[in-house]
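# Commentary on secondary and tertiary structure
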Amino acid sequence: LRSNTTGNSNTAMGNSSLSNNTFGYENTGLGIYSLNSNTSGFSNTALGRYSLYTNTTGNSNTGLGSNSLYSNTNGFRHTAIGYESLFSNTTGVNNTGIGYRAGNLITSGINNIAIGNDAQVPSGTSSNQVRIGNTSIFYAGIQVAWTITSDRRWKQDILTSNLGLGFITKLIPV
């Protein structure tokens, strides 16, 4: 907290942890160079050497593990757990990487999830992708069927249909 001027409620432990923070608040940096470049970002948690190292104005990020969210500058609401998880993210939003190097190729995508050892989504700049496991996985199973939500609460633009019983009785099931 060497440069801290008006920031408050920050915790820093480790050489150069939060050393450039000026008015960021409610940050926790534990580990050498954790949140090192943070200036005004707030509500960030960095645990591990170089975690959230280049973060300057990003907020509400959690990086647990060495080099997790290393390249993040102003992205926000990320969760990175594991060595180099979400390493290359710079400006993305709402990404999750859990596992060794999980999602470390995501740079600016939004709302991506990568779970597992070296799990990578197809594109680091695209959004709304999920990858569970890496290219070595040869089996994935689940005890019950996946469910696609079909609930009025999740739908919009619901319209009344003119099709009635007459239409239904003309259907021929095959």
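All of the points below concern the structure found in this document.

Scoring rules and cut-offs
- Residues numbered from 1 in each chain as written.
- Predicted model: local features only at pLDDT ≥ 70, side-chain atom pairs only at ≥ 80, totals over all residues.
- Heavy atoms only, no water.
- Helix = DSSP H or I, 4+ residues; strand = E, 2+ residues; numbered from the N terminus.
- Contact = heavy atoms within 4.5 Å.
- Salt bridge = Lys/Arg side-chain N within 4 Å of Asp/Glu carboxyl O.
- Buried < 20%, exposed > 50% of the residue type's maximum accessible area, 1.4 Å probe, protein only.
- Polar contact = N/O pair within 3.5 Å; in protein donor to acceptor, adjacent residues only side chain to side chain.

Moving on: the environment of Thr 45. Locating Thr 45 in the fold gives a position in strand E3 (residues 45-47). When the C-alpha atoms of Thr 45 and Asn 8 are compared, they prove to be 14 Å apart, with 37 residues separating the residues in sequence. Thr 45 has contacts with Thr 28, Leu 52, Asn 61, Thr 62 and Gly 63, leaving out every residue within four places of it along the chain.

What the rule picks out here adds up to 1 salt bridge. A salt bridge links Glu 84 to Arg 101; the nearest nitrogen and oxygen atoms lie 3.1 Å apart. One end of the pair, Glu 84, is in the loop between strand E5 (79-81) and strand E6 (96-98); the other, Arg 101, is in the loop between E6 and strand E7 (113-115), and 17 residues separate them in sequence. By relative accessible area, which is 13% here, Glu 84 ends up buried. Residue class for Arg 101 comes out partly exposed when judged on its relative accessible area of 29%.

As for its placement among the helices and strands, Asn 134 is situated in the loop between strand E8 (130-132) and helix H1 (165-169). On a C-alpha basis, the gap between Asn 134 and Ala 114 in space is 9.3 Å, while along the polypeptide they are 20 residues apart. Filtering out sequence-adjacent residues up to four positions away, Asn 134 remains in contact with Asn 117, Asp 118 and Ala 119. In this structure the side chain of Asn 134 is engaged in a polar contact, spanning 2.8 Å, whose partner is the backbone oxygen of Asn 117.

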